[in-house]
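Remarks on the overall topology
Single-letter residue listing:
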Amino acid sequence: MSTELPYAADAEVSLSYDELEVLRLQYEREQLQAHVTVQTKFNYAWGLVKSPLREHQVEGVRLLQDLYRSEPTRRRECLYYLALGHYKMGNFEEAKQFNGLLMEKEPTNLQALSLAQLIEKGVTREGYIGMALVGGAAALGTLILAGFIRRATRK
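What comes next is a walk through the structure. (Residues numbered from 1 in each chain as written. Predicted model: local features only at pLDDT ≥ 70, side-chain atom pairs only at ≥ 80, totals over all residues. Heavy atoms only, no water.)

**Remarks on the overall build of the protein**
The helix and strand inventory of the protein stands at six helices and zero strands. For the protein, the α and β elements follow one another from N to C terminus as α-α-α-α-α-α. Within the protein, the fraction of its 155 residues that count as buried is 32%. Contacts spanning at least 24 positions in sequence make up 57% of the contacts within the protein whose residues lie at least 6 apart. (Helix = DSSP H or I, 4+ residues; strand = E, 2+ residues; numbered from the N terminus. Buried < 20%, exposed > 50% of the residue type's maximum accessible area, 1.4 Å probe, protein only. Contact = heavy atoms within 4.5 Å.)

Right, here's the structure in full:
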């Protein structure tokens, strides 16, 4: 039996421009009428979080946070997409936090388990990049210091 979890496809698949535009127009139309339904707000936030553009993801996370606070019946869905949004923006600690809350409520949720694996890979990758940057900076600092010492000993 395979131990592979179903992939959190939402992490890689975004809506087309036209699909997102339909959601945006519906959201704006309801805003003009001074009544945005919970479903419309959620759909637009969902589409924004799936976008590859960071400014869309930020706006999607903001809308989802509003929904999370104001709509207790939508909290489960909001937790997953808040975790996904933070993951896509590289905010791995926030992603872990929201995904952890979801997994506390639904420990067998395969999407959340898959997203947890992606988040851990992101944390690991970020750690490697950080170590490489620190190592590079240390090497550069050593070279500069060696240059100063060599110059000072020549005089």
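**Here's the deal with the side chain of Lys41**
Within the element layout of this structure, Lys41 appears in helix α2 (residues 38-50). Setting aside residues up to four positions removed in sequence, Lys41 forms contacts with Tyr27, Val36, Leu63, Asp66 and Leu67.

**Quick look at the pattern of salt bridges**
Tallied over the full model, the rule gives nine salt bridges. Notably, a salt bridge pairs Glu21 with Arg24, separated by 2.2 Å at the nearest N-O pair. In this pair, Glu21 and Arg24 are both assigned in helix α1 (residues 17-32), three residues apart and thus about one turn of the helix distant. Residue class for Arg24 comes out partly exposed when judged on its relative accessible area of 23%. The shortest N-O distance in the salt bridge between Glu59 and Arg62 comes to 2.6 Å. Pair noted here: Glu59 and Arg62 are both in helix α3 (residues 54-70), with a separation of three residues, about one helical turn. Classification of Glu59 by relative accessible area gives partly exposed; the value is 27%. Members of the salt-bridge network, linked through shared partners, are Lys41, Glu59, Arg62, Asp66 and Arg69. (Salt bridge = Lys/Arg side-chain N within 4 Å of Asp/Glu carboxyl O.)

**Considering the packing of α2 against α3**
At a minimum axis distance of 7 Å, the contact between α2 and α3 shows a crossing angle of 145 degrees. Of the two possible hands of crossing, α2 and α3 adopt the one that is left-handed. Where α2 approaches α3, its residues Val38, Lys41, Phe42, Tyr44, Ala45, Leu48 and Val49 are matched on the opposing element by His56, Gln57, Glu59, Gly60, Val61, Leu63, Leu64, Asp66 and Leu67. Of the residues contributing to the contact of α2 with α3, the split by class is 10 nonpolar, three polar and three charged. (Axes fitted to C-alpha atoms, helices over the stretch in contact; angles between N-to-C directions. Left-handed = near helix turned anticlockwise from the far one by under 90°. Nonpolar A, V, L, I, M, F, W, Y, C, P; charged D, E, K, R; others polar.)

**Describing the nonpolar core**
Among the nonpolar cores identified, the biggest contains 31 residues, and Tyr44, Leu64, Leu84, Tyr87 and Leu115 are the most heavily contacted of them. When residues of this core are traced back to their parent elements, those giving at least two are α1, α2, α3, α4 (75-89), α5 (92-105) and α6 (110-154). Counting residues per element, this core draws most heavily on α4, which supplies nine residues. (Core = buried A, V, L, I, M, F, W, Y, C linked by side-chain atoms within 4.5 Å.)

All we've got here are geometric facts, nothing functional implied.
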